[in-house]
Amino acid sequence: DFFLALDEGRLARIHYIIGTEPDRALKETDDLELESQLIDAARTWSDKLCEELVDTNGEERGLALHNRYGDGFPALYQSRFHVDVAVSDINDVEALLAARGDIRVNLHRPIEAPETQVYLKVYHKGGPITLAMVMPILDNAGVMVDSEVPFEITARGPEGSSETVFMHDFRM
């Protein structure tokens, strides 16, 4: 069971009632650990991204990057990637936006991936790259592509402006 309390602002409070079986003994719990887990569960992906950016880049630069990218990743990206991956992608996007070219690539193998599998991220300014443009290049390189997932990453600029970079994540 639960009870929901709403105020006139943006806050809500949910009170959960967790039932137990009368004949069954409860396990001892570490209240501080439970509290820590609940706090972590309540944090958004953007909150975690902010913390990781500050840890990686220092407070001033980390907060500036979070202001620029905190809302710039779509829900599908957030569901697929941990915030430490987003920090790496932000570095690649920033390098692309600072460069003269329109494309940047990142060939990598995530720790959890099998040795026979690699990923290629292609970052592109100006619009998504069609598979008809990319696949012949990869085929000529002798690469077998298993899947491709595109993402649109938005970098907030000054005075409400923004820049969009398209990231194509190829699993090979």
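Rules used in this analysis
Residues numbered from 1 in each chain as written. Predicted model: local features only at pLDDT ≥ 70, side-chain atom pairs only at ≥ 80, totals over all residues. Heavy atoms only, no water. Axes fitted to C-alpha atoms, helices over the stretch in contact; angles between N-to-C directions. Helix = DSSP H or I, 4+ residues; strand = E, 2+ residues; numbered from the N terminus. Parallel < 35°, antiparallel > 145°, perpendicular 65-115°, else oblique. Left-handed = near helix turned anticlockwise from the far one by under 90°. Contact = heavy atoms within 4.5 Å. Nonpolar A, V, L, I, M, F, W, Y, C, P; charged D, E, K, R; others polar. Buried < 20%, exposed > 50% of the residue type's maximum accessible area, 1.4 Å probe, protein only. Pairing = 2+ DSSP bridges. Core = buried A, V, L, I, M, F, W, Y, C linked by side-chain atoms within 4.5 Å. pLDDT = per-residue confidence, 0-100.

A closer look at the packing of helix α2 (residues 45–57) against helix α5 (residues 83–98)
At a minimum axis separation of 9 Å, α2 and α5 run at an interaxial angle of 60°. When the axes of α2 and α5 are compared, the pair comes out oblique. Handedness of the α2/α5 crossing: right-handed. Seen from α2, the contacting residues are W45, K48, L49, E52, L53 and T56; seen from α5, they are V83, D84, A86, V87 and I90. The residue inventory of the contact of α2 with α5, partitioned by class, reads seven nonpolar, one polar and three charged.

Overview of the pairing of strand β4 (residues 119–125)
Burial runs high along β4: seven of the seven residues are buried. Across the two faces of β4 the burial is the same, with Y119, K121, Y123 and K125 and L120, V122 and H124 all buried. In the sheet, β4 pairs with strand β6 (residues 162–171) via seven bridges, with the strands oriented antiparallel. By the bridge assignment, H124 is partnered in β6 with F166.

Observations concerning unusual backbone geometry
The residue E159 is not glycine, and still its phi comes out positive at about 55°. Assignment of secondary structure puts E159 in the loop between β5 (147–156) and β6. The class for E159 is exposed, based on a relative accessible area of 86%.

So, the packing of α2 against helix α3 (residues 59–69)
When two helices pack together, their arrangement is captured by the angle between the axes and the distance separating the axes. The interhelical angle for the contact between α2 and α3, taken along N-to-C directions, is 145°, at an axis separation of 7 Å. For the pair α2 and α3, the crossing hand works out as right-handed. For the pair α2 and α3, the contacting residues are S46, L49, C50, L53, V54 and N57 in the first and E59, R61, G62, L63, L65, H66 and Y69 in the second. Partitioning the contact of α2 with α3 into residue classes produces seven nonpolar, four polar and two charged.

A few points about the nonpolar core
L49, Y69, F73 and Y77 are the most contacted members of the largest nonpolar core, which totals 22 residues. Contributing elements (two or more residues each) for this core: α2, α3, α5, β5 and β6. A total of seven residues in this core trace back to one element, the largest contributor, which is α5. With near-sequence residues (within four places) excluded, Y69 lies in contact with L49, I90, V93, E94, L97, I153, T154 and A155. Core analysis: the second largest hydrophobic core is formed by eight residues, V122, I129, V134 and M172 among them.

A few points about the confidence of the model for the protein chain
Of the residues in the protein chain, 100% have a pLDDT of 70 or more, and the chain-wide mean is 91. α3 holds the highest mean pLDDT among the elements of the protein chain, 97, whereas strand β1 (residues 2–6) holds the lowest, 82.

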